Amino acid sequence: MFRTPQVVLFTKRIEAAAAFYRAVGFTEVFREPAEGKAVHVDLELDGYRIGLATERSAREDHWLEPVASGQRAAVVLWTDDVRAGFDRLVELGAEPVHEPSMWLDRLLIAWLTDPDGHLLQVVQEAPTR
């Protein structure tokens, strides 16, 4: 019945948001319109797709009232090295929220925000002792 789930994040600066996620390692797979100023961009990493949509398009084209600020969702990025991933995201313009720390005695996690303020969680299985 359903297939290919995706999350769409609303943004005020779609080109900057798309550039950030491309730098993280996502590949752009869709853009509307194909030429000129985008109102929607889809990016994919390891089979997972994120959509970016402008607030204006969400309001005018889809009759929605998007919220483009605050902690509304989190993009979770699994890695083999949380510290290196955290540091790389900071280099790319993400803002640190919480340094890497243990959670549930089995996961190492860190929190940041992307340039639009969307939460990013970097997570790995805890190293065995």
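Above: the structure in question.
Here the structure is a predicted model, which means the values were calculated and not measured.

**Student:** Can you walk me through the overall build of the protein chain in this structure?
**Tutor:** Across its full length, the protein chain holds three helices and eight strands. For the protein chain, the α and β elements follow one another from N to C terminus as β-α-β-β-β-α-β-α-β-β-β. Over its C-alpha trace the protein chain gives a radius of gyration of 16 Å, about what one expects of a compact globule, namely 14 Å for 129 residues. Its C-alpha atoms give the protein chain principal-axis dimensions of roughly 55 × 35 × 25 Å. The proportion of buried residues among the 129 residues of the protein chain is 36%. Partitioning the intrachain contacts of the protein chain with sequence separation of at least 6 by distance along the chain shows that 48% fall at a separation of at least 24. For the protein chain, the computed accessible surface area is about 8,100 Å², with 53% contributed by carbon and sulfur atoms. In the protein chain, which carries 14 positive and 21 negative side-chain charges, the distance between the mean positions of the two groups comes to 3 Å.

**Student:** Mind showing me how you'd approach unusual backbone geometry here?
**Tutor:** Note on backbone geometry: most residues besides glycine have negative phi, and most peptide bonds are trans. A cis geometry characterises the amide bond from Glu32 onward to Pro33, with omega recorded as -10 degrees. Within the chain, Leu104 stands out as a residue other than glycine whose phi angle is a positive 60 degrees. Assignment of secondary structure puts Leu104 in the loop between strand E6 (95–103) and strand E7 (107–113). Overall, the relative accessible area of 47% leaves Leu104 in the partly exposed class.

**Student:** Sorry, what's going on with the nonpolar core here?
**Tutor:** For soluble globular proteins, the rule of thumb is that nonpolar side chains tend to be buried together. Of all hydrophobic cores here, the largest spans 23 residues; its most connected members are Tyr21, Ile50, Leu52, Val75, Leu89, Leu112 and Leu120. Secondary-structure elements contributing two or more residues to this core are helix H1 (14–24), strand E3 (40–45), strand E4 (48–54), strand E5 (74–78), helix H3 (82–91), E7 and strand E8 (119–125). Of the residues forming this core, the biggest block, five residues, is contributed by H1. Those residues within four positions of Tyr21 in sequence are excluded, and the remaining contacts are Leu9, Phe26, Leu43, Ile50, Val75, Asp114 and Leu120.

Conventions used here
Residues numbered from 1 in each chain as written. Predicted model: local features only at pLDDT ≥ 70, side-chain atom pairs only at ≥ 80, totals over all residues. Heavy atoms only, no water. Helix = DSSP H or I, 4+ residues; strand = E, 2+ residues; numbered from the N terminus. Rg over C-alpha atoms; globule rule 2.2 N^0.38 Å. Buried < 20%, exposed > 50% of the residue type's maximum accessible area, 1.4 Å probe, protein only. Contact = heavy atoms within 4.5 Å. Areas by Shrake-Rupley, 256 points an atom, 1.4 Å probe, with all protein chains shown as cover. Lys, Arg positive; Asp, Glu negative; His and termini not counted. Charge placed at Lys NZ, Arg CZ, Asp CG, Glu CD. Core = buried A, V, L, I, M, F, W, Y, C linked by side-chain atoms within 4.5 Å.

Remember, this is a structural readout, not a statement about activity or role.
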